[in-house]
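Observations on the model geometry
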Amino acid sequence: MKKVGVLSLQGDFAAHGAALERAGAEPVFVRDPHQFGQIDGLVIPGGESTTMLKLLHYDGLADALAEFGRQKPVFGTCAGAILMAREVSSPEQESFHMMDIGVERNAYGRQIDSRVTEIEPEPEFLERTAPGKLEAVFIRAPIIRRVSGDAKVLARYHGDPVLVEQGRHLVATFHPELTADSRVHELFLEKL
Ligand code: GLN
């Protein structure tokens, strides 16, 4: 069984652990740099990206994460997607440049900042996984404002990209770990 790390400094790492188990992988809760050597891929969960960034530096994981991303697949949800972006706005923030995307934080505004909705993924996502709409949970989500290079949009919400892959990496601005549908995690496991 594939071992998939879940960065477990802050945020909803436990829900990702359960989602990975449902999708058929063994989760490893990563809190220490040496654990990067034990995993085939990594999930960066949702949470608060500024706090996660501080803890990554404080706990000495930032360099190991950057190096891991140069070699192995990484899947970021929400705050995780913010950390993987090439540029971050509102406000600007350091990031790991793993994908050619630009994100604007908390871009849906404070009044309507969280919602559960159904989205129709792109045909390619459906062909590679299984048919059917995706339930998408947004919690103070960023909006992906720019997608370039060979980054590919796999689902949109109101025209904005919400699920994007580039090579071995994947990001979602919603929270697939909070629904019973395993297709997004399964798609990530295909990359390992
Ligand atoms: N608003 C958070 C941030 O900017 C992300 C929210 C989430 O991960 N659910 O980091």
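Quick look at the structure, then. (Residues numbered from 1 in each chain as written. Predicted model: local features only at pLDDT ≥ 70, side-chain atom pairs only at ≥ 80, totals over all residues. Heavy atoms only, no water.)

Focus on the nonpolar core
Core analysis: the biggest nonpolar cluster contains 34 residues, and L42, I44, L56 and F96 have the highest contact counts within it. Taken together, the elements giving at least two residues each to this core come down to β2 (26-30), β3 (41-44), α2 (49-58), α3 (62-69), α4 (79-84) and β6 (101-104). A per-element tally of this core places α4 first, with five residues. Judged by nonpolar contacts, the second largest core, of 30 residues, contains A107, A136, F138 and L163. (Core = buried A, V, L, I, M, F, W, Y, C linked by side-chain atoms within 4.5 Å. Buried < 20%, exposed > 50% of the residue type's maximum accessible area, 1.4 Å probe, protein only. Helix = DSSP H or I, 4+ residues; strand = E, 2+ residues; numbered from the N terminus.)

Some words on the site of the ligand
Surrounding the ligand, one finds G46, G47, E48, S49, C78, A79, I82, R105, N106, I139, R140 and H175. Within the backbone of G47, an N or O atom sits 2.9 Å from an oxygen atom of the ligand. Within the side chain of R105, one N or O atom sits 2.8 Å away from an oxygen atom of the ligand. The fraction of the free accessible surface of the ligand (300 Å²) that becomes covered by protein chains is 96%. Of the residues that constitute the shell around the ligand, the class distribution is four nonpolar, five polar and three charged. (Near = heavy atom within 4 Å. Polar contact = N/O pair within 3.5 Å; in protein donor to acceptor, adjacent residues only side chain to side chain. Areas by Shrake-Rupley, 256 points an atom, 1.4 Å probe, with all protein chains shown as cover. Nonpolar A, V, L, I, M, F, W, Y, C, P; charged D, E, K, R; others polar.)

Some points on the environment of L192
Tracing the sequence through the fold places L192 in the segment after α6 (183-190). Spatially, the C-alpha atoms of L192 and A14 are 21 Å apart, while their sequence positions differ by 178 residues. Setting aside residues up to four positions removed in sequence, L192 forms contacts with K2, V4, D40, G41 and P73. (Contact = heavy atoms within 4.5 Å.)

Some remarks on the sheet that holds strand β4 (residues 74-77)
With mixed pairing, the seven strands of this open sheet are ordered in space as β2-β1-β3-β4-β12-β11-β10. The sheet is open, and its two edges are formed by β2 and β10 (152-157), each paired on a single side. On average, adjacent strands in this sheet sit at an angle of 20° to one another, irrespective of strand direction. Note: β10 against strand β11 (residues 160-166), five bridges, orientation antiparallel. Looking at β11, one finds that A155 is bridged to L163. (Pairing = 2+ DSSP bridges. Axes fitted to C-alpha atoms, helices over the stretch in contact; angles between N-to-C directions.)

As for the pattern of salt bridges
In this structure the tally under the stated criterion is eleven salt bridges. One salt bridge in this structure joins K152 and E124, with 3.0 Å as the shortest N-O distance. In this pair, K152 sits in strand β10 while E124 sits in helix α5 (residues 123-128), placing the two residues 28 residues apart along the sequence. In this structure, the salt-bridge partner of E165 is K191, at a minimum N-O distance of 2.7 Å. Here E165 is found in strand β11, whereas its partner K191 is found in the segment after α6, with 26 residues between them in sequence. For E165, a relative accessible area of 5% puts it in the buried group. Several salt bridges converge on common partners, so that one network encompasses E124, R128, K152, E165 and K191. (Salt bridge = Lys/Arg side-chain N within 4 Å of Asp/Glu carboxyl O.)

These values are about where atoms sit, not about what they do.
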